[in-house]
Amino acid sequence: MEFKTLKPIFKQMFNCVALSCASFSVFASVVMTEGHVRAMPDTVPNTAAYFTLENHSDKAVRLIGVTTDVANEAQLHTMIQEQGMVKMRHVEGFDIPSHGTLTLMPSGEHVMLIGLKAPLALDQQVKLQLQFNDGENMTITLPVAKQAENAAEHEHHHHH
């Protein structure tokens, strides 16, 4: 008898939980696992941000823009090799495959912060707003850190 009266309550609780999960955008499923903004000499007006995003959802998303308060603009850049020269190329977006990872690093894709409004201090926390092609935005906070002395050592765990 008592069990019957409990059932509708459980059902309501379940519906409520299911709804609150649904209202989270797909976006709770993209997670930043690590990152930093490169510390530069005070005289250098630009720097770069490197971070790793993991996409835990069942659909690919594309990072299409970044904004930050610390610089006049932030651009998505990739490194390409052209006639043996490595060049930086401004790109429209970076794809993050479903259940895949996007790793931004010095030798590959990265975010350029152009026209810093003030020199960045070591360990300063820099906020970046990431914009995705599905209309979602996500704010990440990265510490300012010196570039690893030995880039190869720093990146040995990034190999695919």
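Residues numbered from 1 in each chain as written. Predicted model: local features only at pLDDT ≥ 70, side-chain atom pairs only at ≥ 80, totals over all residues. Heavy atoms only, no water.

## Some details on the side chain of His110
Turning to step 1, where the next piece is worked out: The topology assignment puts His110 in strand E8 (residues 110-116).
Turning to step 2, where the next piece is worked out: Among the polar contacts listed, one links the side chain of His110 to the backbone oxygen of Gly108, at a separation of 2.9 Å.
Turning to step 3, where the next piece is worked out: Residues contacting His110, with those up to four places away along its chain left out, are Ala48, Ala49, Tyr50, Gln75, Leu76, His77, Met79, Met88, Phe94, Leu104 and Met105. (Helix = DSSP H or I, 4+ residues; strand = E, 2+ residues; numbered from the N terminus. Polar contact = N/O pair within 3.5 Å; in protein donor to acceptor, adjacent residues only side chain to side chain. Contact = heavy atoms within 4.5 Å.)

## What to know about the confidence of the model for the protein chain
Turning to step 1, where the next piece is worked out: Chain-level pLDDT for the protein chain is 82 on average; 74% of the residues reach the 70-or-more range.
Turning to step 2, where the next piece is worked out: In this model residues 16-27 is a low-confidence stretch, pLDDT under 50, and it forms seven contacts with partners more than four residues away in sequence or in other chains.
Turning to step 3, where the next piece is worked out: Taken together, the stretch residues 149-160 has pLDDT below 50 and engages in 10 contacts with residues farther than four places along the chain or on a different chain. (pLDDT = per-residue confidence, 0-100.)

## Things to note about the pairing of strand E1 (residues 30-38)
Turning to step 1, where the next piece is worked out: Note that E1 and strand E2 (residues 47-55) share seven bridges and pair antiparallel. Bridge pairing in E2 places Val31 opposite Glu54.
Turning to step 2, where the next piece is worked out: Note: E1 against strand E10 (residues 137-145), two bridges, orientation parallel. In the sheet register, Arg38 faces E10, and the bridge partner there is Ala145. (Pairing = 2+ DSSP bridges.)

## Observations regarding the pattern of salt bridges
Turning to step 1, where the next piece is worked out: In this structure the tally under the stated criterion is four salt bridges.
Turning to step 2, where the next piece is worked out: In this structure, Arg62 and Asp95 form a salt bridge, with 3.1 Å as the shortest nitrogen-oxygen distance. Of this pair, Arg62 sits in strand E3 (residues 61-68) while Asp95 sits in strand E6 (residues 94-96); the two residues are 33 residues apart in sequence, bridging distant segments of the chain.
Turning to step 3, where the next piece is worked out: Where Glu82 meets Lys87, a salt bridge forms, and the shortest distance between an N and an O atom there is 3.0 Å.
Turning to step 4, where the next piece is worked out: Glu82 gets classed as partly exposed once you look at its relative accessible area, which sits at 24%.
Turning to step 5, where the next piece is worked out: Assessed through its relative accessible area of 33%, Lys87 is described here as partly exposed.
Turning to step 6, where the next piece is worked out: The network of salt bridges with shared partners includes Glu82, Lys87 and Arg89. (Salt bridge = Lys/Arg side-chain N within 4 Å of Asp/Glu carboxyl O. Buried < 20%, exposed > 50% of the residue type's maximum accessible area, 1.4 Å probe, protein only.)

## Considerations on the nonpolar core
Turning to step 1, where the next piece is worked out: Core analysis: the largest hydrophobic core is formed by 29 residues, its most contacted members being Phe51, Leu53, Val111, Leu113, Leu128, Leu130 and Phe132.
Turning to step 2, where the next piece is worked out: Among the secondary structure elements, those contributing two or more residues to this core are E1, E2, E3, strand E4 (71-82), E6, E8, strand E9 (125-132) and E10.
Turning to step 3, where the next piece is worked out: Setting aside its immediate chain neighbours within four residues, Leu128 contacts Ala49, Phe51, Val66, Thr67, Thr68, Leu113, Met138, Thr139, Ile140 and Leu142. (Core = buried A, V, L, I, M, F, W, Y, C linked by side-chain atoms within 4.5 Å.)

## Things to note about the side chain of Asn55
Turning to step 1, where the next piece is worked out: Turning to its location among the elements, Asn55 is positioned in strand E2.
Turning to step 2, where the next piece is worked out: The class for Asn55 is buried, based on a relative accessible area of 1%.
Turning to step 3, where the next piece is worked out: One polar contact links the side chain of Asn55 to the main-chain carbonyl oxygen of Ile96, over a distance of 3.2 Å.
Turning to step 4, where the next piece is worked out: Contact partners of Asn55, with chain neighbours within four places excluded, come to Ser29, Val30, Ala60, Val61, Ile96, Pro97, Ser98, His99 and Gly100.

## Observations concerning the pairing of E8
Turning to step 1, where the next piece is worked out: Among the seven residues that make up E8, six are buried, leaving the element largely enclosed by the rest of the structure.
Turning to step 2, where the next piece is worked out: Two elements, E2 and E8, share three bridges in a ladder whose sense is antiparallel. Looking across to E8, one finds that Ala48 is bridged to Met112.
Turning to step 3, where the next piece is worked out: Summarising the sheet, E4 and E8 pair through six bridges and their orientation is antiparallel. Of the residues in E8, the one forming a bridge with His77 is His110.

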